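What follows is the residue order along each chain.
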Amino acid sequence: MTQPKKLKLGIPKGSLQDATIALFEKSGWKIRMHHRNYFPEINDPDIQCSMCRAQEMSRYVETGTLDAGLTGKDWILENNSDVVVVSDLVYSKVSNRPARWVLAVAADSPYRRPQDLAGKKIATELVSFTKSYFEAAEVPVAVEFSWGATEAKVVEGLADAIVEVTETGTTIKAHGLRIIAELLQTNTRLIANKAAWEDPFKRKKIENLDMLLQGALRAESLVGLKMNVPEEKMPAIMNLLPSLTAPTVANLYNKDWLSVEIVVSESLVRDLIPKLHELGAEGIIEYSLNKVI
């Protein structure tokens with residue numbers, strides 16, 4: 001009997017794991033982890049999930065071990081992987097903005113720019129990319145792989161500088177280091193195996209997955225507003241409303257009032273609601289959104 005097709009999907013293990021599972025849940029997929037099990041359950045019979053380190057994800061997708069997966073732009077470049085980049089998904093464990101790979105040295109060191117490190121030793125997990133960066137800059141350096149605790153390598157005298165990923169720079173500074181250059185901005189990407197991308201069933205599944213994940217990310221910075229507005233106040237209200245599209249407006253039964261509904265940036269709401277109230281809007285309701293497609 002022919003087995004039903006399934007999309008083999010890689011979920012990044014490690015620092016992005018919780019943020020990824022939360023994003024999938026908001027998008028409509030519940031992923032249930034099992035202790036010491038690399039194959040979590042997902043509430044979709046068409047998907048088979050596997051946990052995989054982000055550093056290795058693009059290699060498994062390229063070879064077809066996985067049909068699709070989520071990993072960073074940095075690791076795709078590091079592995080020089082030949083995969084289909086379906087989309088960027090800008091989310092992270094700390095903030096929804098790209099992370100940065102930076103070159104850092106001791107705060108009291110004399111090094112001010114990458115060229116000052118000629119002949120010096122650099123520790124990083126991103127070895128191949130770092131070597132290419134310095135070769136392109138024509139700065140001879142020794143690049144060594146760091147198995148962890150990279151920030152401590154300079155303090156311990158094991159390296160003259162490090163290349164490490166950061167979102168805020170707080171950890172870098174906390175270890176007594178100073179950033180002297182940014183090498184790469186990276187964010188999470190949804191990638192696909194080339195053969196899987198040519199398979200109509202798998203491609204459609206990946207595209208639907210991407211649409212809903214993007215919709216969930218888009219909704220994170222937006223909220224919905226509903227309110228009742230006197231009809232004569234509507235022109236003034238309309239001049240005030242920022243909206244993703246034109247507001248939805250409906251007549252209230254047997255009243256000279258209108259029901260108005262819009263989607264706006266969450267950052268605007270605290271200033272917008274008092275102004276709406278001053279113009280006569282009543283029954284103002286703010287509500288969160290799961291997805292905006």
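Up top is the structure these notes are about.
Read on for a plain summary of the structure. From a predicted model like this one, the values you see are computed outputs, not experimental measurements.

1. Focus: the overall build of the protein chain
In step 1: Within the protein chain, the secondary structure is distributed over 10 helices and 16 strands.
In step 2: For the protein chain, the C-alpha radius of gyration of 25 Å lies well beyond 19 Å, the compact-globule estimate for 293 residues.
In step 3: Expressed as lengths along the three principal axes of its C-alpha atoms, the size of the protein chain is roughly 80 × 65 × 35 Å.
In step 4: Going through the 293 residues of the protein chain one by one, you find that 45% of them count as buried.
In step 5: Contacts spanning at least 24 positions in sequence make up 69% of the contacts within the protein chain whose residues lie at least 6 apart.
In step 6: Taken as a whole, the protein chain presents about 15700 Å² of accessible surface, with 49% of it coming from carbon and sulfur.
In step 7: Distance from the positive charge centre (35 side chains) to the negative charge centre (38 side chains) of the protein chain: 3 Å.

2. Focus: helix H4 (residues 127-136)
In step 1: Turning to H4, its buried residues number three or more, namely Val127, Phe129, Thr130 and Phe134. Buried residues of H4, viewed axially, fall in a sector of 165 degrees; they line one side. Along H4, the residues that are exposed and aim more than 90 degrees away from the buried face are Glu135 and Ala136.
In step 2: In the core, the buried residues of H4 are packed alongside helix H3 (73-79), strand S7 (99-106), strand S8 (121-124), strand S9 (142-145), strand S10 (161-166) and strand S11 (177-186).
In step 3: Positive backbone phi, approximately 55 degrees, marks Glu138, located one or two places after H4.

3. Regarding the pattern of salt bridges
In step 1: For the structure shown, the criterion picks out 13 salt bridges.
In step 2: Between Asp67 and Lys202 there is a salt bridge, and its shortest N-O distance comes to 3.2 Å. Remark: Lys202 occurs in helix H8 (residues 200-219) and Asp67 occurs in the loop between helix H2 (54-63) and strand S5 (68-72); sequence separation between them is 135 residues. Lys202 matches Asp67 in its accessibility class, with the two residues each being buried.
In step 3: One network of salt bridges, in which partners are shared, links Asp44, Asp46 and Lys205.

4. Examining unusual backbone geometry
A negative phi angle characterises most non-glycine residues, just as the trans form characterises most peptide bonds.
In step 1: A positive phi is found at Asn80, a non-glycine position, where the angle reads about 50 degrees.
In step 2: Structurally, Asn80 can be placed in the loop between H3 and strand S6 (84-89).
In step 3: Relative accessible area serves as the criterion here: at 66%, Asn80 is assigned to the exposed category.
In step 4: Within the chain, Ala149 stands out as a residue other than glycine whose phi angle is a positive 50 degrees.
In step 5: Judged by relative accessible area, Ala149 falls into the exposed class, the value being 56%.

5. Topic: H2
In step 1: Considered for burial, the residues of H2 that qualify are Ala54, Gln55, Met57, Ser58 and Val61.
In step 2: Next to the buried residues of H2 lie strand S1 (7-13), strand S4 (47-53), S5, H3 and strand S12 (188-192).
In step 3: Downstream of H2 by one or two residues, Gly64 has phi in the positive range, about 95 degrees.

6. Topic: the sheet that holds S10
In step 1: Across the sheet, which stays open at both edges, the five strands sit in the order S9-S8-S10-S7-S11 with mixed pairing between neighbours. Strands at the two margins of the open sheet, each flanked by one partner only, are S9 and S11. Each strand axis lies, on average, 25 degrees off the axis of its neighbour in the sheet, ignoring direction.
In step 2: Sheet topology note: the S7/S10 ladder contains five bridges and is antiparallel. Looking at the pairing, Trp101 lines up with Val165 of S10.
In step 3: The strands touched by H4 are S7, S8, S9, S10 and S11; relative to S9, the strand with the most contacts, the crossing angle is about 170 degrees.

7. Describing the packing of aromatic side chains
In step 1: Under the defined criterion, the tally for this structure stands at four aromatic pairs.
In step 2: On the basis of an interplanar angle of 65 degrees and a centroid distance of 6.3 Å, the ring pair of Phe24 and Trp29 is categorised as edge-to-face. Accessibility assignment for this pair places Phe24 and Trp29 in one class, buried.
In step 3: Taking 5.9 Å as the distance between ring centres and 90 degrees as the angle between the ring planes, the aromatic pair formed by Trp75 and Trp101 counts as edge-to-face. Of this pair, Trp75 sits in helix H3 while Trp101 sits in strand S7, and the two are 26 residues apart along the sequence.

Thresholds, definitions, all that
- Residues numbered from 1 in each chain as written.
- Predicted model: local features only at pLDDT ≥ 70, side-chain atom pairs only at ≥ 80, totals over all residues.
- Heavy atoms only, no water.
- Helix = DSSP H or I, 4+ residues; strand = E, 2+ residues; numbered from the N terminus.
- Rg over C-alpha atoms; globule rule 2.2 N^0.38 Å.
- Buried < 20%, exposed > 50% of the residue type's maximum accessible area, 1.4 Å probe, protein only.
- Contact = heavy atoms within 4.5 Å.
- Areas by Shrake-Rupley, 256 points an atom, 1.4 Å probe, with all protein chains shown as cover.
- Lys, Arg positive; Asp, Glu negative; His and termini not counted.
- Charge placed at Lys NZ, Arg CZ, Asp CG, Glu CD.
- Arc of directions from axis to C-beta.
- Salt bridge = Lys/Arg side-chain N within 4 Å of Asp/Glu carboxyl O.
- Pairing = 2+ DSSP bridges.
- Axes fitted to C-alpha atoms, helices over the stretch in contact; angles between N-to-C directions.
- Phe/Tyr/Trp six-rings, centres within 6.5 Å; stacked < 30°, edge-to-face > 60°.

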